[in-house]
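Listed below are the residues making up each chain.
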Amino acid sequence: MSYSIDAFLQACKEGEVAIPRGVAESASVDLALHSKAEILLFLAHGGIKSELVCENSAEWRNNPNPSVRVMVGAEKLACLKR
């Protein structure tokens, strides 16, 4: 499974993203964003603009058939400069 940053930003616009407590606390302290709505609005409208392309997928390391490429959810978000 892979994830698209564009799909994530669209979900932010639609208010469909959960904000974990630690993220909310950090956004409040670091960015003066004190509600879920403020955080999602910030994200949806360019708050994380970047030249990075990010996805949360990786090639399966333990694939029993290496001739067939299998993508899985990665442990860490991988970001590459465009």
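Anything mentioned here points back to the structure above.
Position numbers for residues count from 1 along each chain, tracking the sequence in the order it is written. The predicted origin of the model limits local features to residues at a pLDDT of at least 70 and limits the giving and counting of side-chain atom pairs to 80 or more, whereas totals for whole chains, interfaces and linings rest on all residues. Excluding hydrogens and water, the side-chain values take into account all heavy atoms of the structure.

**Re the pattern of salt bridges**
Charged atoms that come close allow side chains of opposite charge to pair.
Phase 1 of the analysis: Whenever a carboxyl oxygen of Asp or Glu lies within 4 Å of a side-chain nitrogen of Lys or Arg, that contact is scored as a salt bridge. Here the structure, examined in full by the defined rule, presents one salt bridge.
Phase 2 of the analysis: Between arginine 69 and glutamate 59 there is a salt bridge whose closest N-O contact spans 3.3 Å. Taken as a pair, arginine 69 in the loop between strand E1 (52-59) and strand E2 (71-81) and glutamate 59 in strand E1 lie far apart in primary sequence, 10 residues in all. Strands are runs of DSSP state E lasting at least 2 residues, helices are runs of H or I lasting at least 4, and numbering of each runs from the N terminus.

**So, the nonpolar core**
Generally speaking, soluble globular proteins have nonpolar side chains that are buried together.
Phase 1 of the analysis: Judged by nonpolar contacts, Ala11, Cys12, Val17, Ile19, Ala27, Leu33, Ile39, Leu40, Leu43 and Ala44 together constitute the single largest core of 10 residues.
Phase 2 of the analysis: Broken down by secondary-structure element, the contributors of at least two residues to this core are helix H1 (5-13) and helix H3 (36-47).
Phase 3 of the analysis: When residues in this core are grouped by element, the largest group, four residues, is from H3.
Phase 4 of the analysis: Contact definition: two residues touch when any of their heavy atoms are within 4.5 Å. Leave out the neighbours within four places in its chain, and alanine 27 touches Ala32, Leu33 and Ile39. The term nonpolar core refers to a set of buried residues drawn from Ala, Val, Leu, Ile, Met, Phe, Trp, Tyr and Cys, joined through side-chain atoms within 4.5 Å. Buried, partly exposed and exposed residues are distinguished by accessible area as a fraction of the type maximum, computed with a 1.4 Å probe on protein chains only: under 20%, between the cut-offs, and over 50%, respectively.

**Some thoughts on unusual backbone geometry**
Phase 1 of the analysis: In this model, alanine 32 sits at a positive phi of 60°, which is unusual for a non-glycine residue.
Phase 2 of the analysis: Position of alanine 32 among the secondary structure elements: in the loop between helix H2 (21-31) and H3.
Phase 3 of the analysis: Given a relative accessible area of 48%, alanine 32 falls into the partly exposed group.

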